[in-house]
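Understanding the architecture of this molecule
Residues per chain, in single letters:
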Amino acid sequence: MSNLANYQRIENFSEVNLPIDSEHDHRAPVKAFDRRRYGARISTAYWLVVIFAASLVTALPVGILCFRWGRHMQEIHQTQLNWFPPPGHLHTVFRRQALFALRPDNISEALWTSLFPRGDGFIKHPELSPEPTCLAVYHQLHCLDAIRSGYWAAIDGIEPNHHARPAHVRHCIDYLRQSLMCHADTNLESINPDLGGVTGFDSERTCRNYDRVTAWADRWRARD
């Protein structure tokens, strides 16, 4: 008798009943695949992504516009008063100097003359002014001095000199009016409580450096 075992070929594994030890079988039960539920989950996720993308596309331009608008308004607020500060960097206080308002004499005339550079403010500069011109500030001071002379001539009842003749004074009044409006000094002046108004004195203000202007005009004077 042969010791070799006879094996029968199994054609169909489904027909084989394998013993299962139910006490030691810990395999998780296999759930049936639910295509509808899976499809619903995919559809929900898809629409959430679409809604998020649409919100982002909508909100991003709006956010950019709001940011730019806010920045623009901030710049406007910052620049609304940029024009207001007076020109210059010299901080000073006006003090009353009565000698400049006195009738023409040796002292007052010397004071007014000291305000002008050599050449009386007429300059010639290779770039700014190849031809002789006058710096306006010295023309304005010249006119104010003419009004002073004309004023005291009228007070003293004497004939004004050529510098203070009526036609010249009228010219100076209108010229100074336009000059003051052109510069539109925006320095703030304190109110004198005793007067209920302003004197212009004793208030801090910002100015150009007049000595520097005069030195420049003296250097580039067109005449001596």
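Residues numbered from 1 in each chain as written. Predicted model: local features only at pLDDT ≥ 70, side-chain atom pairs only at ≥ 80, totals over all residues. Heavy atoms only, no water.

With that settled, consider the environment of Thr186. Structurally, the position occupied by Thr186 is in the loop between helix 4 (166–183) and strand 4 (204–207). Residue classification places Thr186 among the buried residues on the basis of a relative accessible area of 16%. It is 6.5 Å that separates the C-alpha atoms of Thr186 and Pro85, two residues lying 101 residues apart in sequence. Setting aside residues up to four positions removed in sequence, Thr186 forms contacts with Trp83, Phe84, Pro85 and Pro86. (Helix = DSSP H or I, 4+ residues; strand = E, 2+ residues; numbered from the N terminus. Buried < 20%, exposed > 50% of the residue type's maximum accessible area, 1.4 Å probe, protein only. Contact = heavy atoms within 4.5 Å.)

Compared with an ideal rise of 1.5 Å per residue, which puts 21 residues at 30 Å, helix 3 (residues 136–156) spans 30 Å between its outermost C-alpha atoms and is within 8% of the ideal. Those residues of helix 3 not exposed but buried are Tyr138, Gln140, Leu141, Cys143, Asp145, Ala146, Arg148, Ser149, Gly150, Trp152 and Ala153. A positive backbone phi angle near 70° is found at Gly157, which sits one or two residues after helix 3. (Expected span 1.5 Å × (residues − 1).)

Our next topic: the state of the cysteines. Working definition: the covalent bond between the sulfur atoms of two cysteines is a disulfide. All chains considered together, the criterion is met by one disulfide. The disulfide partner of Cys143 is Cys172, and the gap between their sulfur atoms is 2.3 Å. Around the S-S axis, the bridge from Cys143 to Cys172 shows a dihedral of about -70° and counts as left-handed. Residue Cys143 is found in helix 3, and its partner Cys172 is found in helix 4; the two are separated by 29 residues along the sequence. Take Cys143 and Cys172: they sit in the same class, and that class is buried. (Disulfide = S-S within 2.5 Å.)

Tallying each qualifying case throughout the model produces 11 salt bridges. For Arg148, the salt bridge identified is with Glu109, shortest N-O distance 2.7 Å. Residue Arg148 is located in helix 3, and its partner Glu109 is located in helix 2 (residues 106–114); the two are separated by 39 residues in the primary sequence. Overall, Arg148 belongs to the buried group, its relative accessible area being 7%. Taking the relative accessible area as the measure of exposure, Glu109 reaches 31% and is therefore partly exposed. Arg177 is the partner of Asp174 in a salt bridge, and the nearest nitrogen-oxygen pair spans 2.8 Å. Pair noted here: Asp174 and Arg177 are both in helix 4, with a separation of three residues, about one helical turn. Since its relative accessible area comes to 35%, Asp174 is described here as partly exposed. With a relative accessible area of 40%, Arg177 lands in the partly exposed category. (Salt bridge = Lys/Arg side-chain N within 4 Å of Asp/Glu carboxyl O.)

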